[in-house]
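Coordinate inspection notes
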Amino acid sequence: MGKTEVIAWTEEWKNLYNLEEVILKEVLKEELLDIFHIGSTSIRTIGYAKPIIDMLIVVTNINQVDFYINEMVAMGYEPKGENGIAGRRYFTKGKESRTHHLHIYQIGNEHINNHIYFKEYLLNNHSEAKKYGDLKLSLAKQFPNEHLKYQEGKQQFINELVSKAKKWGMQNRNFCER
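Described below are features of the structure shown in this document.

The rules behind the values
- Residues numbered from 1 in each chain as written.
- Predicted model: local features only at pLDDT ≥ 70, side-chain atom pairs only at ≥ 80, totals over all residues.
- Heavy atoms only, no water.
- Helix = DSSP H or I, 4+ residues; strand = E, 2+ residues; numbered from the N terminus.
- Rg over C-alpha atoms; globule rule 2.2 N^0.38 Å.
- Contact = heavy atoms within 4.5 Å.
- Pairing = 2+ DSSP bridges.
- Axes fitted to C-alpha atoms, helices over the stretch in contact; angles between N-to-C directions.

What follows covers the overall build of the protein chain. For the protein chain, the helix and strand inventory stands at 6 helices and 7 strands. Moving toward the C terminus, one meets the helices and strands of the protein chain in the order β-α-β-β-β-α-β-β-β-α-α-α-α. In terms of C-alpha radius of gyration, the protein chain reaches 16 Å, essentially the compact-globule figure of 16 Å for 178 residues. Considered along the principal axes of its C-alpha atoms, the protein chain spans approximately 40 × 40 × 30 Å. Sequence-distant contacts in the protein chain: of pairs separated by 6 or more residues, those separated by 24 or more amount to 64%.

Time to look at the sheet that holds strand 5 (residues 77-79). Read from one edge of the open sheet, 5 strands run 2-4-7-6-5, paired in mixed fashion. Each edge of the open sheet carries a strand with a single partner, namely strand 2 (32-38) and strand 5. Ignoring strand direction, the axes of neighbouring strands in this sheet form an average angle of 25 degrees. Relative to strand 7 (residues 100-106), strand 4 (residues 53-59) runs parallel, the two sharing 7 bridges. Looking at strand 7, one finds that Val-58 is bridged to Tyr-105. Strands in contact with helix 1 (residues 12-27) are strand 2, strand 4, strand 5, strand 6 (88-93) and strand 7; relative to strand 2, the strand with the most contacts, it is inclined by about 165 degrees.

Now the structure itself:
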């Protein structure tokens, strides 16, 4: 894996998401129910992120996504199957210089709300978002050429955030559940 690049948050990430959203809605229109910009590039208050747009798509039938693989490949997406998470279809775009990660789940999958709760929790808890951003920046400086160590270094903090976000999300279901 290449260098771990973490940069200051930029409005451009919203624009890149919006452009890709239009294209993906057109390709997956028969199955697509909803689409979200998730991950650090969607949360200004984190302050820092790897410049990769994470997207969450909710579909009616996860198995139908497999029929769109050729169109996705033509758009530059590389299919990764479930990639370690049962019930997901995962795609990356950009080969060595990744630009997008695409997570697709069937409606009702628990991972949908987990992603949404995580994002909404950090949007509404600026101090937690800032701590996460500071950790990302620190780890990227500490392990610039060791992506695995960067990932491992933030995993415990992410696990704690996910736990807090789930609790927060359950208390604020009407606010953030899709």
